[in-house]
Amino acid sequence: MAPPPVQSHRGPPPPQPSGKGEVADLKLQLRQLAGSLAPGAESSKRELFKKVISYMTIGIDVSSLFSEMVMCSATSDIVLKKMCYLYVGNYAKGNPDLALLTINFLQRDCKDEDPMIRGLALRSLCSLRVKNLVEYLIGPLGAGLKDSSSYVRTVAAIGVLKLYHISATTCIESDFPAMLKNLMLQDPDAQVVANCLSSLEEILSLEGNTSEEASRERESLLSKPVVYHLLNRIKEFSEWAQCLVLDLVANYVPSDSSEIFDIMNLLEDRLQHANGAVVLATIKVFLQLTMSMTDVHQQVYERIKAPLLTLVSSGSPEQSYAVLSHLHLLVLRAPMLFSSDYKHFYCQYSQPFYVKKLKLEMLTAVANESNTYEIVTELCEYAANVDVAIARESIRAVGKIALQQYDVNAIVDRLLQFLEMEKDYVTAETLVLVKDLLRKYPQWSHDCIAVVGSISSKNVQEPKAKAALIWMLGEYSQDMADAPYILENLVENWSDEDSAEVKLHLLTAILKCFLKRPPEMRKALGAALAAGLADSHQDVHDRALFYYRLLHHDVSVAERVVNPPKQAVSVFADTQSSEIKDRIFDEFNSLSVLYQQPSYLFTDKEHRGPFEFSEDLATLSLTDDAADGTLSGQRVEATDNDLLLSVSEKEENKGHTNNGHSAYSAPDYNGPAMGALIPTETAFSSSPAPPISSSLPIDDLLGLGSAVAPSASLKLNAKAVLDPGTFQKKWGQLPIALSLDFSLTPQGAATLTTPQVLLRHMQSNSILCIASGGQAPNFKFFFYAQKADDLLSATSFYLVECLINTSSAKAQIKIKADDKSTTQAFSSLFQSALLKLGAP
């Protein structure tokens, strides 16, 4: 016999008010019960309070009951207290005059014997958000921070932050930040410590923008005693509090390597934590601490693999995606370290699209000579997937692997097999990839064209795919017998084509085909030019007019312009610059990793925080002592198009990286780091990057910042003069002679709080600054120096771009020189000067 259904103890929902009469009735009933000690009065108050809260929740204005609710608050029933506090907090800000009525009973409740009521009353008092009542908060908050109950102290710590947002001046003048710091270091309760830390960080971060004292206090949070005190208690904290402490530790700069290993050993067990946020926060600490220790940094990558892969396979799809996004970032930086774990990135049938898509990107990144066959075989299975979006992504992934030069022969055969599947979306994606493959591997044109020539243009409807097919028809028209007739048919259907991209490719393909097979294409060329000139799209019209005038001028010139000898494309431009990727890595364990964008691209300026480096930071201040006082009062207005901030210069000296990805500070280091200090649009230089000088010490190439002995043979002019115009001209004309990464000493990084600190220091070493910009922790400087033994020559200068991140104590240096033979000697002098920064 089945058991009887469980009876719910929840009462029926309160009836909805039919009009103002309901609120008036509630007001009358509340007034009658105010101060009543009759039996059952408390129960009646509860029912009335429930009705009031219910009406308030569904948007009905019950603010007229304010005074009656306050009068009924004189009770020892904690449930009634909670409902009353909820009501008062909701209407106090909109009714500041009525809020004054609540002060007496809230202050009285702050002294109640029950710590729960004291805490609730203090929280409600701080939540009134009425500026003219802040004077009533100071006493209860001060008492709350010293309360014997940990719950009250917890509430008071957050209450200080609420007070700061209501009246920052009152909070600072009442010395609450200092009280919070003392409480954080002395309180035995872990939650109180966490709340104090949270409030302190936010207050000092906001106040530090305008107050030097607050800036110093914020730096004191990163001192060794504070950090070690929090780390020693980290196991007592909740998951949220542990993440808070770990974020603080990630910004701490240890004094030496032994301190780094002490912290890592202390946090080792946090990598096995069940909470993914704690694991990611710990990983961020490990990565930041070992940034300048290449060998240890690689060991960190090896150590964090297992915890991350475990988190990916457990938990919800949303958690898996968050962890996968961070793993994806690490894979891009060190693909070789994850190449043996490629099977963890295979897609499962039940996984949502966003997880599968990310896994496909990771499979592309880890592909190398040893695992390409297995990965491509798996991806080919996905191409037949019923999910069209995944099938498209898998075909693109196969193409990307082919462009990485891994087992090209087998991959091309697989791609050509896709064209035989007779599925429109498979054919479309494959045609686009075949076009890119032919641009990089023209030797495969015979095999590819044989298959592509059998595809009817009528079966290709997607613009990108049709444009790719037309490109191949024009580029290899001499090898495709039907190419002129296919192109002619497309011209006849010109009016039916909506895509400007297809029309532009068609004009170019027809002209190429005409130059190779004139008799067959003469009529089609005339029709195409006439249709293009009459087209409503401006780009199509302009290209048709350009081709017409070019042919009218000289056919041989047209052939050299449209169909010149082509070189195979060696590297395809990445859609995301290495500066952007490095900036995302700096924001590890944040939404930047999930969005795959730096925070400044998706946050408002006022919320970018201390690590914000504005995209419109186009003004670099010219230092007053740059030219011995002669340049005072001038400014260099530098934008992304100016030579001083040229993006192409930023891309010019990038070393080759594994799989086309940035190798900045990654274990499989192959080139110099290019830190992202100024967000800019991606630009690619067509000229090859100059090689890094082989005479550099290997430790410097790895970014370890070994001590560099200054050259005794090179002396600099302490009174060198170079005006901004000449500097900018030289910077644009001279090639980069040397590019390297450098690590500042912890003392030097701590000393560099403003640009002027480094300007004065470098000037004492005869290295002068002509422009500087940025804010902590990111700074950018342009220096110049002149050889002392060549004062009369205008070709004896050294120009330096120096990007410094004080949080990681890393610097990226580019040097240009009139005399390249002395570049290494000047580099030694420059590095030696940087090493002395902050030295006693």
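Analysis parameters
- Residues numbered from 1 in each chain as written.
- Predicted model: local features only at pLDDT ≥ 70, side-chain atom pairs only at ≥ 80, totals over all residues.
- Heavy atoms only, no water.
- Helix = DSSP H or I, 4+ residues; strand = E, 2+ residues; numbered from the N terminus.
- Buried < 20%, exposed > 50% of the residue type's maximum accessible area, 1.4 Å probe, protein only.
- Contact = heavy atoms within 4.5 Å.
- Areas by Shrake-Rupley, 256 points an atom, 1.4 Å probe, with all protein chains shown as cover.
- Phe/Tyr/Trp six-rings, centres within 6.5 Å; stacked < 30°, edge-to-face > 60°.
- Lys NZ or Arg CZ within 6 Å of the ring centre and 35° of its normal.
- Pairing = 2+ DSSP bridges.
- Axes fitted to C-alpha atoms, helices over the stretch in contact; angles between N-to-C directions.
- Expected span 1.5 Å × (residues − 1).
- Parallel < 35°, antiparallel > 145°, perpendicular 65-115°, else oblique.
- Left-handed = near helix turned anticlockwise from the far one by under 90°.
- Nonpolar A, V, L, I, M, F, W, Y, C, P; charged D, E, K, R; others polar.
- pLDDT = per-residue confidence, 0-100.
- Salt bridge = Lys/Arg side-chain N within 4 Å of Asp/Glu carboxyl O.
- Polar contact = N/O pair within 3.5 Å; in protein donor to acceptor, adjacent residues only side chain to side chain.
- Core = buried A, V, L, I, M, F, W, Y, C linked by side-chain atoms within 4.5 Å.
- Disulfide = S-S within 2.5 Å.
- Lys, Arg positive; Asp, Glu negative; His and termini not counted.

**Considerations on the overall build of the protein chain**
For step 1, the next point in the chain: Along its length, the protein chain carries 40 helices and seven strands.
For step 2, the next point in the chain: Looking at the protein chain residue by residue over its 840 residues, the buried ones come to 53%.
For step 3, the next point in the chain: For the protein chain, long-range pairs separated by at least 24 residues make up 68% of all intrachain contacts whose partners lie at least 6 apart in sequence.
For step 4, the next point in the chain: Accessible surface computed for the protein chain: about 38,200 Å², of which carbon and sulfur atoms make up 53%.

**Some points on the packing of aromatic side chains**
For step 1, the next point in the chain: Counted according to the given criterion, the structure contains 18 aromatic pairs.
For step 2, the next point in the chain: Residues Trp731 and Phe782 carry aromatic rings whose centres are separated by 5.6 Å and whose planes lie at 85° to one another, so their mutual orientation is edge-to-face. Of this pair, Trp731 sits in helix α37 (residues 724-733) while Phe782 sits in strand β5 (residues 778-786), placing them 51 residues apart in sequence.
For step 3, the next point in the chain: Here Phe782 falls in the buried class, since its relative accessible area comes to 0%.
For step 4, the next point in the chain: One aromatic cluster in this structure is built from Phe779, Phe781, Phe783, Tyr798, Phe826 and Phe830.
For step 5, the next point in the chain: A cation over a ring is seen here: Lys224 above Tyr228, with NZ or CZ 5.4 Å from the ring centre.

**Quick word on the sheet that holds strand β7 (residues 810-817)**
For step 1, the next point in the chain: With antiparallel pairing, five strands are arranged side by side in an open sheet as β3-β7-β6-β5-β4. Sheet topology places β3 (738-743) and β4 (768-775) at the edges, where each strand pairs with a single neighbour. Sheet twist, expressed as the average angle between the axes of neighbouring strands with direction ignored, equals 15°.
For step 2, the next point in the chain: Taken together, the six bridges between β3 and β7 define a ladder with antiparallel strand orientation. When the bridges of β7 are listed, Leu738 appears paired with Ile815.
For step 3, the next point in the chain: Contacts from α37 reach β4, β5, β6 (797-805) and β7 within the one sheet, and its direction differs from that of β6 by about 85°.
For step 4, the next point in the chain: Contacting β4, β5 and β6, helix α39 (residues 755-763) runs over the sheet at an angle of about 20° to β5.

**Quick look at helix α27 (residues 463-475)**
For step 1, the next point in the chain: Taking 1.5 Å of rise per residue, 13 residues should cover 18 Å, and α27 covers 18 Å from first to last C-alpha, within 8% of that figure.
For step 2, the next point in the chain: By the criterion of burial, α27 is predominantly enclosed, with 11 of the 13 residues buried.
For step 3, the next point in the chain: Residues of α27 that are buried include every one of Ala465, Lys466, Ala467, Ala468, Leu469, Ile470, Trp471, Met472, Leu473, Gly474 and Glu475, and no others.
For step 4, the next point in the chain: Contacts from the buried residues of α27 go to α25 (424-440), α26 (445-452), α28 (483-492) and α29 (500-516).

**Examining the packing of α25 against α27**
For step 1, the next point in the chain: In the contact formed by α25 and α27, the axes pass within 8 Å of each other and the chain directions differ by 40°. Taken together, the axes of α25 and α27 are oblique relative to one another. With respect to the hand of their crossing, α25 and α27 are arranged in left-handed fashion. Residues Ala428, Leu431, Val432, Val434, Lys435, Leu438 and Arg439 of α25 touch α27, and the partners they reach there are Lys464, Ala465, Ala468, Leu469, Trp471 and Met472.
For step 2, the next point in the chain: Of the residues assigned to the contact of α25 with α27, the class counts are 10 nonpolar, no polar and three charged.

**Thoughts on the confidence of the model for the protein chain**
For step 1, the next point in the chain: Confidence along the protein chain averages 79 in pLDDT terms, with 82% of residues attaining 70 or more.
For step 2, the next point in the chain: Ignoring residues within four places in sequence, the model shows residues 1-9, a span with pLDDT below 50, making zero contacts including any to other chains.

**As for the packing of helix α8 (residues 135-145) against helix α11 (residues 176-186)**
For step 1, the next point in the chain: Across the interface, α8 lies against α11 with an axial gap of 11 Å and an inter-helix angle of 15°. Judged by the inter-axis angle, α8 sits roughly parallel to α11. Seen from above, α8 lies across α11 with left-handed handedness. Facing α8, whose interface residues are Ile138, Leu141, Gly142 and Leu145, α11 presents Phe176, Met179, Leu180 and Leu183.
For step 2, the next point in the chain: Across the contact of α8 with α11, the residue classes break down as seven nonpolar, one polar and no charged.

**Brief notes about the pattern of salt bridges**
For step 1, the next point in the chain: Taken as a whole and assessed by the stated rule, the structure comprises 28 salt bridges.
For step 2, the next point in the chain: Note that Asp187 and Arg153 form a salt bridge whose closest N and O atoms lie 2.5 Å from each other. With Asp187 in the loop between α11 and α12 (190-207) and Arg153 in helix α9 (residues 150-166), this residue pair connects regions lying 34 residues apart in the sequence. For the pair Asp187 and Arg153, one class covers both residues: buried.
For step 3, the next point in the chain: The closest approach of N and O atoms between Lys305 and Asp341, which form a salt bridge, is 2.8 Å. Residue Lys305 is located in helix α18 (residues 294-313), and its partner Asp341 is located in the loop between α20 (335-338) and α21 (353-366); the two are separated by 36 residues in the primary sequence.
For step 4, the next point in the chain: Within this structure, Arg392, Glu393, Arg396, Glu429 and Glu462 form a network of salt bridges that share partners.

**Observations regarding the side chain of Ser220**
For step 1, the next point in the chain: Position of Ser220 among the secondary structure elements: in helix α13 (residues 212-220).
For step 2, the next point in the chain: A distance of 2.5 Å separates a polar atom in the side chain of Ser220 from the backbone oxygen of Glu217.
For step 3, the next point in the chain: Beyond its immediate chain neighbours, meaning those up to four positions away, Ser220 contacts Lys181 and Val226.

**Structural notes on unusual backbone geometry**
Most peptide bonds are trans, and most residues other than glycine sit at a negative phi.
For step 1, the next point in the chain: Non-glycine residue Gln596 carries a positive phi angle of around 55°.
For step 2, the next point in the chain: Residue placement: Gln596 occurs in the loop between α34 (591-595) and β1 (619-620).
For step 3, the next point in the chain: Within the chain, Ser766 stands out as a residue other than glycine whose phi angle is a positive 65°.
For step 4, the next point in the chain: Among the structural elements, Ser766 can be located in the loop between α39 and β4.
For step 5, the next point in the chain: Looking at Ser766, the relative accessible area reads 14%, which means it is buried.

**Some details on the nonpolar core**
For step 1, the next point in the chain: One finds Tyr87 and Leu487 to be the most contacted residues of the largest nonpolar core, which totals 210 residues.
For step 2, the next point in the chain: Examining the composition of this core, we find that 11 residues originate from one element, α29, more than from any other.
For step 3, the next point in the chain: Sequence-distant contacts of Tyr87, that is, excluding residues within four places in its chain, are made with Val52, Ile53, Met56, Val62, Ser63, Ser64, Leu65, Phe66 and Met69.
For step 4, the next point in the chain: Core analysis: the next-biggest nonpolar cluster, separate from the first, contains 34 residues, Leu714, Met762, Phe781 and Leu829 among them.

**As for the environment of Thr154**
For step 1, the next point in the chain: Along the polypeptide, Thr154 turns up in helix α9.
For step 2, the next point in the chain: When its relative accessible area of 15% is taken as the criterion, Thr154 is described as buried.
For step 3, the next point in the chain: Sequence separation of Thr154 and Asp189 is 35 residues, and the distance between their C-alpha atoms is 8.8 Å.
For step 4, the next point in the chain: Aside from chain neighbours lying at most four places away, what touches Thr154 is Asp189, Gln191, Val192 and Asn195.

**So, the pairing of β4**
For step 1, the next point in the chain: When you tally the buried positions in β4, you get six out of eight residues, the bulk of the element.
For step 2, the next point in the chain: Note that β4 and β5 share seven bridges and pair antiparallel. Its bridge partner lying in β5, Gln775 is registered against Asn778.
For step 3, the next point in the chain: Hairpin connection of β4 to β5: two residues between the antiparallel strands.

**Focus: the state of the cysteines**
For step 1, the next point in the chain: In total, this model carries zero disulfides according to the counting rule given.
For step 2, the next point in the chain: Unpaired in this structure, Cys802 has its nearest cysteine sulfur neighbour in Cys769, at a distance of 9.6 Å.
For step 3, the next point in the chain: Taking relative accessible area as the criterion, Cys802 reaches 0% and is therefore assigned buried.

**Topic: the environment of Leu803**
For step 1, the next point in the chain: Assignment of secondary structure puts Leu803 in strand β6.
For step 2, the next point in the chain: When the C-alpha atoms of Leu803 and Ser772 are compared, they prove to be 9.9 Å apart, with 31 residues separating the residues in sequence.

**Considerations on the side chain of Lys284**
For step 1, the next point in the chain: Take Lys284: it is sitting in helix α17 (residues 276-289).
For step 2, the next point in the chain: At 4.8 Å, Asp247 is the nearest oppositely charged side chain to Lys284, a buried residue that forms no salt bridge.

**Describing the pairing of β6**
For step 1, the next point in the chain: Counting buried positions over the nine residues of β6 gives nine, a clear majority of the element.
For step 2, the next point in the chain: The alternating pattern of β6 places Phe797, Leu799, Glu801, Leu803 and Asn805 on one face and Tyr798, Val800, Cys802 and Ile804 on the opposite face, and all of these are buried.
For step 3, the next point in the chain: Here β6 pairs with β7 via eight bridges, running antiparallel. Paired with Leu799 across the two strands is Lys816, which belongs to β7.
For step 4, the next point in the chain: Here β6 folds back onto β7, and the loop between the two strands holds four residues, one of which, Ala809, carries a positive phi near 55°.

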